[in-house]
Amino acid sequence: MTPPPLEVAGLHLSYAGTPALRGIDLVVAPGEFVALLGPSGCGKTTLLRAIAGFARPDRGNIRLAGRDVARVPARARNIGLVFQGYALFPHMTAAANVRFGLECRGVAAGEADRRVADALALVGLTEFAARRPAQLSGGQQQRVALARALVIEPDLLLLDEPLGALDRQLRTGMQTELRALQRRLGVAALFVTHDQEEAMSLADRVAVMRGGAIVQVDTPERLFSQPCDAWTCEFLGAGSLLRGELLPVAEGRWRMQVAPGIGFEAEGTPPGVLFIPAGGVQMRTALDGAGLPVSARRFMGTSVEVQVATPAGTVAATMPPDAAALFPLGRPVLMHADPARCRLLLDSSMLPAPSPSRRGPG
């Protein structure tokens, strides 16, 4: 059986005694595109640096195509790297920048010429081979950096916010090009981004990080429909969270009454918050003064988010603009959600704080 391009197991890394990575486990399958997503300081780039060989872990394993490289220097790992700042040599032409990695590996001149030409053609820059970085646009420079990473035929492609320096329109176009190119080549890729929309549109799976740990790895669809806890739900904006009294209605099912005539049911185990996935709420106009008033509306381009403030938290429903027109500010509404789609999620704020004697560093 062919080993996966990347296996990380039990990886721990500290800086001056402060934990930066805590027990990281991650597998990237052949041809898979995985995004690392999380708030600033969560360990995304540190994990990428450890895999690349620029940061040494305290313990744990990093395997590339089955080979343990946790103690192997960066130059001996067959990894392609693309950075946000491009890191191109300003005095070299595009072709020379792409060729640099091949020369470091001692590839023969004729073979290097062929591979450089192929790589530049792959990213659509054949006619710009003789230009220096200052003579190229930001998007063209990014393509040179990508060609340089791919020309060595890497086992794994690592991308550290490679599109962050581009304007929005160019960034969107480069996202499409990057994903199409990665699929065409079949190279496994690990992509660091703080942009949630970018992660969800590019990745086969997304690893959500918090505090140096991976809290959930899943497809974009499952992350939104089944977040593992309340923090992940709030970070992703995956739906509505309600905090209030839970009353048992059946084995493993609980109900939260948020107003007269308005309640939601979910499966799970208390303590927890009641999660309603985005798009899981249905609204209808209340009659005879019942219900709760629409408290806010948010235009989202092709849809409108209609919000209703309840004593347990805000409930949001996303709908087309023509349907949202039926729910102006102040309009009293009744709400319903399918219990099969709702869940109780663990909320760390509901757990007892660890005693000082048991609290770890950081």
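Residues numbered from 1 in each chain as written. Predicted model: local features only at pLDDT ≥ 70, side-chain atom pairs only at ≥ 80, totals over all residues. Heavy atoms only, no water.

Chemist: Go over the environment of A16, please, and point to the residues and values.
Modeler: Along the chain, the position of A16 falls in the loop between β1 (6-15) and β2 (18-28). Remark: the alpha-carbon pair of A16 and H194, spanning 178 residues in sequence, is separated by 25 Å. (Helix = DSSP H or I, 4+ residues; strand = E, 2+ residues; numbered from the N terminus.)

Chemist: Would you mind going over the packing of helix α4 (residues 138-150) against helix α5 (residues 168-185) in detail, with residue names and values included?
Modeler: Put simply, α4 and α5 touch, their axes get as near as 11 Å, and they point 20 degrees apart. It follows from the interaxial angle that α4 and α5 lie roughly parallel. Both α4 and α5 take part in a crossing whose hand is right-handed. Residues G139, Q142, R143, L146 and L150 of α4 pack against L170, M174, E177, L178, L181 and L185 of α5. Partitioning the contact of α4 with α5 into residue classes produces seven nonpolar, two polar and two charged. (Axes fitted to C-alpha atoms, helices over the stretch in contact; angles between N-to-C directions. Parallel < 35°, antiparallel > 145°, perpendicular 65-115°, else oblique. Left-handed = near helix turned anticlockwise from the far one by under 90°. Contact = heavy atoms within 4.5 Å. Nonpolar A, V, L, I, M, F, W, Y, C, P; charged D, E, K, R; others polar.)

Chemist: Any chance you could break down the sheet that holds strand β19 (residues 304-310) for me, citing the residues and the numbers?
Modeler: If you trace the three strands from one edge of the open sheet to the other, you get β18-β19-β20, paired in antiparallel fashion. For this open sheet the edge positions go to β18 (296-299) and β20 (313-319), each flanked by a neighbour on one side alone. If you compare each strand with its neighbour and ignore which way they point, the axes differ by 20 degrees on average. Pairing of β19 with β20 involves seven bridges; the strand directions are antiparallel. Directly across from V304, in β20, lies its bridge partner M319. (Pairing = 2+ DSSP bridges.)

Chemist: Please provide a residue-by-residue account of the nonpolar core, values included.
Modeler: Formed by 50 residues in total, the largest nonpolar core has its most connected members in V98, L146, L157 and V206. Counting residues per element, this core draws most heavily on α4, at six residues. Beyond its immediate chain neighbours, meaning those up to four positions away, L157 contacts G80, V82, L146, A149, L150, V187, A188, A189 and L190. (Core = buried A, V, L, I, M, F, W, Y, C linked by side-chain atoms within 4.5 Å. Buried < 20%, exposed > 50% of the residue type's maximum accessible area, 1.4 Å probe, protein only.)

Chemist: Give a detailed account of the sheet that holds strand β4 (residues 59-64), specifying residues and quantitative values.
Modeler: The strand order across the open sheet built from four strands is β2-β1-β4-β5, with neighbouring strands paired in antiparallel fashion. Edge positions in the sheet fall to β2 and β5 (67-68), since each of these pairs with one other strand and no more. Across two bridges, β4 lies against β5 in antiparallel orientation. Directly across from L64, in β5, lies its bridge partner R67. Running at roughly 115 degrees to β1, helix α1 (residues 44-52) makes contact with β1, β2 and β4 of the sheet.

Chemist: Tell me about the pattern of salt bridges, and please be specific about residues and values.
Modeler: One pass over the full model with this rule turns up 15 salt bridges. The partner of R143 in a salt bridge is E177, and the shortest N-O contact between them spans 2.8 Å. With R143 in helix α4 and E177 in helix α5, the pair connects residues that are 34 residues apart, well separated along the chain. Among the salt bridges present, the one from R243 reaches D347, with a minimum N-O distance of 2.9 Å. Of this pair, R243 sits in the loop between β11 (239-242) and β12 (247-250) while D347 sits in the segment after β22 (343-345), placing them 104 residues apart in sequence. Under the relative-accessibility criterion, R243 is labelled partly exposed at 35%. (Salt bridge = Lys/Arg side-chain N within 4 Å of Asp/Glu carboxyl O.)

Chemist: An account of the side chain of E32 is requested, with residue identities and associated values reported.
Modeler: Tracing the backbone shows E32 in the loop between β2 and β3 (33-37). A distance of 2.9 Å separates the side chain of E32 from the backbone nitrogen of A29, its partner in a polar contact. (Polar contact = N/O pair within 3.5 Å; in protein donor to acceptor, adjacent residues only side chain to side chain.)

Chemist: Lay out the packing of helix α2 (residues 94-104) against helix α3 (residues 109-122) with the relevant residues and their values.
Modeler: To describe two helices that pack against each other, one gives the angle between their axes and the distance between the axes. It is at 9 Å that the axes of α2 and α3 come closest, and there the two elements cross at 130 degrees. In terms of their interaxial angle, α2 and α3 are classed as oblique. Like other packed secondary-structure pairs, α2 and α3 cross with a definite hand, here right-handed. Taking contact as the criterion, the partners of A95, V98, R99 and L102 in α2 are, on α3, A109, A112, D113, R115, V116, A119 and L120. Broken down by class, the residue content of the contact of α2 with α3 amounts to eight nonpolar, no polar and three charged.

Chemist: A description of the side chain of E161 should follow, citing residues and the corresponding values.
Modeler: Mapped onto the fold, E161 is located in the loop between β7 (156-160) and α5. Of the polar contacts made by the side chain of E161, one reaches the side chain of H194; its length is 2.5 Å. Look past the residues within four positions of E161 in its chain and what remains in contact with it is Q84, V192, T193 and H194.

Chemist: Lay out the environment of V82 with the relevant residues and their values.
Modeler: Structurally, V82 can be placed in strand β6 (residues 79-83). With 40 residues separating them in the primary sequence, V82 and C42 have C-alpha atoms 20 Å apart. In this structure, V82 is in contact with Q142, A145, L146, A149, L157, L158, L159, D160 and P162, ignoring residues within four places of it in sequence.

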